[in-house]
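Remarks on the overall topology
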Amino acid sequence: MHPIVDQQKAWFQEGHTSNYEFRKDQLERMRKMLDTFEKPILDALKFDLNKSEYEAYASEIAFLKSEIRHHLKDLKKWMQPHKVKAPLTHTGSKNYIYKEPYGTVLVIAPWNYPVQLALAPVIGAIAAGNTVIIKPSELTPTVSWVIKKMVEQYFSPEYIAVIEGDKEVTKQLTDSPLDYIFFTGSVPVGKIIMEQASKRLIPVTLELGGKSPSIVHKDANLELAAKRIVWGKFTNAGQTCIAPDYLFVHHEVKEELLRKIDEYITKFYGEEPLENPDYVKVVNDQHFQRISDYLKSGTILTGGQVDEERRKIEPTILDCVAWEAPVMQDEIFGPILPVLSYESLDEVIHQVNNRPKPLALYYFGEKEADQERIIESIGFGGGCINDTLYHIINPHLPFGGVGESGIGQYHGKSSFDTFTHHKSITKQTTKFDQNFRYPGSELGFKII
Ligand code: NAD
């Protein structure tokens, strides 16, 4: 059991987090923290992942600020008990849903967007009135250190604490009497976390990964499809949970689409992407080796060069890939885009539904009936029609997986709801009673 859990639970019981003013002040404090630490955050992201200032600011800091803004705007309304209707049997009563914080929440973060994914859940947890323990990823140690320093400077540990470390530390935390666990990471570790949580029946949100397809139909705007797929796939060197994992393209437009994809790779990253100072590196040697091995899974059409010393892999398009190839077995999480082609949407629906439900799905095509068919006949977490990644930055859209890609969702109001127990209350009248529910009573009202 970890001592920080006891400390936070005791502090929570004192009721500090229960009122609106407190929560609002803490969200504003977090915004100030991000302003003060902007430079150390950007420097740490450059050091650990070679993220450019622009990409780091947009995908990590700006994202968090937008979430804070969205929470501050509506928090007061979300916190109010919500009055609901009642059936005739409840005549005379008033019925409400009260919003109760769970208590002490553990947020376990991955390394790919190490600031955003550690702090975005914290915004929801603060808004809902919880105390929070953050466990950043040990694979981005400089970022983890900066997160610890800034949180220590702005919050007391009884309220928000950062515990650094690897799986041993995580295990010590998950063996403690937490009130909620919010985990972002891989499917295998998600299963371990859920198993550990089940020993104490701790509720969990699991934000996991998977193989998210990008489907390009024959009536798609190929220029925009190519541009948006290249952006979605190679941002962060493919190390994005909702990156298009593979390309599934109608055979009639495959050649033209691949030519355009090749052009956009050059346009965005230059003739020699490995020399582009802003091109993100792979997080560690183990992942570099794992991703590089995928280059053998097909024919390289574009890219394929690697730089082992700097852990960089060129944006790569891999053709002639079989469903059974290694690159099609697990989430790639790197800058390699395998290409498969199809003849009909029936085939697309069959192939995608034959695999675990992906975290995201992207469909490019103009016909609305086909768009609706894809949305309605394939199970997946969320996604876009004629775009990639964009659904994740709309705070009005809940974000999360389904099946093997995750349990639960967050962002915007759904973050507040995730960290809130919805407590149902019937306030009964004492002016009269309804006798029909009592054994042996005659039907009807009785004035007391
Ligand atoms: P990971 O599962 O290896 O690690 C995530 C966290 O779990 C880290 O903090 C790590 O220290 C901890 N951990 C690792 N092994 C553990 C164990 N045995 N017991 C307890 N804790 C353990 O994931 P990662 O490599 O950091 O991140 C990549 C994965 O995360 C990809 O699969 C990606 O799709 C997924 N991801 C999902 C989302 C999402 O929002 N759904 C976002 C980003 C990443």
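Numbers given for residues are sequential positions, taken from 1 along each chain in its written order. Only residues with pLDDT of 70 or above have their local features reported here, since the model is predicted, and side-chain atom pairs are shown and tallied only from 80 upward, although totals for entire chains, interfaces and linings are computed over all residues.

**Here we look at helix α10 (residues 254-269)**
Helix and strand definitions here come from DSSP, where helices need a minimum of 4 consecutive H or I residues and strands a minimum of 2 consecutive E residues; each element is numbered from the N-terminal end. Helix span is expected to be 1.5 Å times the residue number reduced by one. Compared with the 22 Å implied by 1.5 Å per residue over 16 residues, the 22 Å span of α10 between its first and last C-alpha is a close match. Partly exposed residues are those falling between the two cut-offs: more than 12 but fewer than 20 other C-beta atoms within 10 Å of their own, whereas 20 or more means buried and 12 or fewer means exposed, with C-beta atoms placed from the backbone. Those residues of α10 that sit buried are L257, L258, I261, I265 and Y269. The buried residues of α10 all sit within an arc of 95° when viewed along its axis, so they share a single face. Exposed residues lying more than 90 degrees from the buried face of α10 are E255 and K267. Two residues qualify as being in contact provided that their C-beta atoms, derived from the backbone, are within 7 Å of each other. Where α10 is buried, its residues meet β8 (213-216), α9 (222-234), β9 (246-250), β10 (299-302), β13 (316-319) and β14 (336-342). Trailing α10 by a residue or two, G270 shows a phi angle of about 90°, which is positive. Read the arc as the range of directions from the helix axis to the C-beta atoms.

**Observations concerning the domain arrangement of the protein**
Each assigned domain of the protein is listed with its residue range as follows: domain 1 (3-208 + 406-425) and domain 2 (213-393). Domain ranges listed in this record stem from an automatic or a database domain assignment. Just the C-alpha atoms count here: the centres of domain 1 and domain 2 sit 31 Å apart. Every contact between the two is made by 12 residues of domain 1 and, on the other side, 13 residues of domain 2. Classifying every residue of the side of domain 1 that touches domain 2 gives five nonpolar, five polar and two charged. Each residue gets one of three labels, nonpolar for Ala, Val, Leu, Ile, Met, Phe, Trp, Tyr, Cys and Pro, charged for Asp, Glu, Lys and Arg, and polar for the others, Gly among them.

**Concerning the site of the ligand**
Around the ligand, 27 residues are found, and the nearest of them are P110, G185, V189, G209 and C241. Among the secondary structure elements, those contributing two or more residues to the shell around the ligand are α7 (167-174) and α8 (187-198). Among the elements that line the shell around the ligand, the one with the most residues is α7, at three residues. When its residues are assigned to classes, the shell around the ligand shows 11 nonpolar, nine polar and seven charged. The rule is simple: place the C-beta atom from the backbone, and if it lies within 6 Å of a molecule or strand, the residue is near it.

**Things to note about helix α1 (residues 3-13)**
When we look at burial in α1, the residues that qualify are I4, V5, Q8 and F12. Summarising the axial view, the buried residues of α1 lie within an arc of 100°, below the 170-degree limit, and thus occupy one face. Exposed side of α1, more than 90 degrees from the buried face: P3, A10 and Q13 are the residues found there. Buried residues along α1 sit in contact with β3 (104-108), β4 (131-135) and β5 (160-162). Phi for G15, located one or two positions after α1, is positive at around 85°.

**Topic: the sheet that holds strand β1 (residues 82-84)**
The strand order across the open sheet built from three strands is β1-β2-β18, with neighbouring strands paired in antiparallel fashion. At either margin of the open sheet sits one strand with a lone partner, and together these are β1 and β18 (420-427). On average, each strand axis in the sheet is inclined to that of its neighbour by 30°, with strand direction left out of account. In this sheet, strand β2 (residues 94-101) lies alongside β1 in antiparallel orientation, the contact comprising three bridges. Paired with K83 across the bridge in β2 is Y96. Criterion used throughout: strands pair if DSSP finds at least two bridges between them. Only the stretch in contact is used when a helix axis is fitted, and all axes are lines through C-alpha atoms; the angle between N-to-C directions ranges over 0 to 180 degrees.

**A few points about the UniProt feature "active site" (unreviewed entry) in the protein**
UniProt positions are given in the numbering used here, feature names are shortened, and annotations may be inferred rather than shown by experiment. Taken from the UniProt record, the annotation "active site" (unreviewed entry) applies to E207 and C241. These residues run over 35 residues, yet every pair of their C-alpha atoms falls within 9.2 Å of each other. Tracing the chain through its elements places E207 in strand β7 (residues 204-207). According to the C-beta neighbour criterion, E207 is buried, with 27 such atoms within 10 Å. Topologically, C241 is positioned in the loop between α9 and β9. Its 27 C-beta neighbours within 10 Å are what place C241 among the buried residues.

**Observations concerning the pairing of β8**
Burial along β8 is two-sided: the residues P213 and I215 and S214 and V216 are all buried. For β8 and β9, the ladder comprises four bridges, and the chain directions are parallel. Of the residues in β9, the one forming a bridge with V216 is V249.

**Let's talk about the sheet that holds β4**
If you trace the six strands from one edge of the open sheet to the other, you get β5-β4-β3-β6-β7-β17, paired in mixed fashion. One side of each edge strand has no neighbouring strand; the edge strands of this open sheet are β5 and β17 (406-407). The sheet contact formed by β3 and strand β6 (residues 180-184) spans four bridges and is parallel. For L106, the partnering residue across the bridge sits in β6 and is I181. The strands touched by α7 are β3, β4 and β6; relative to β4, the strand with the most contacts, the crossing angle is about 155°. Sheet strands in contact with α8 are β3, β6 and β7, and its direction is about 175° off that of β7.

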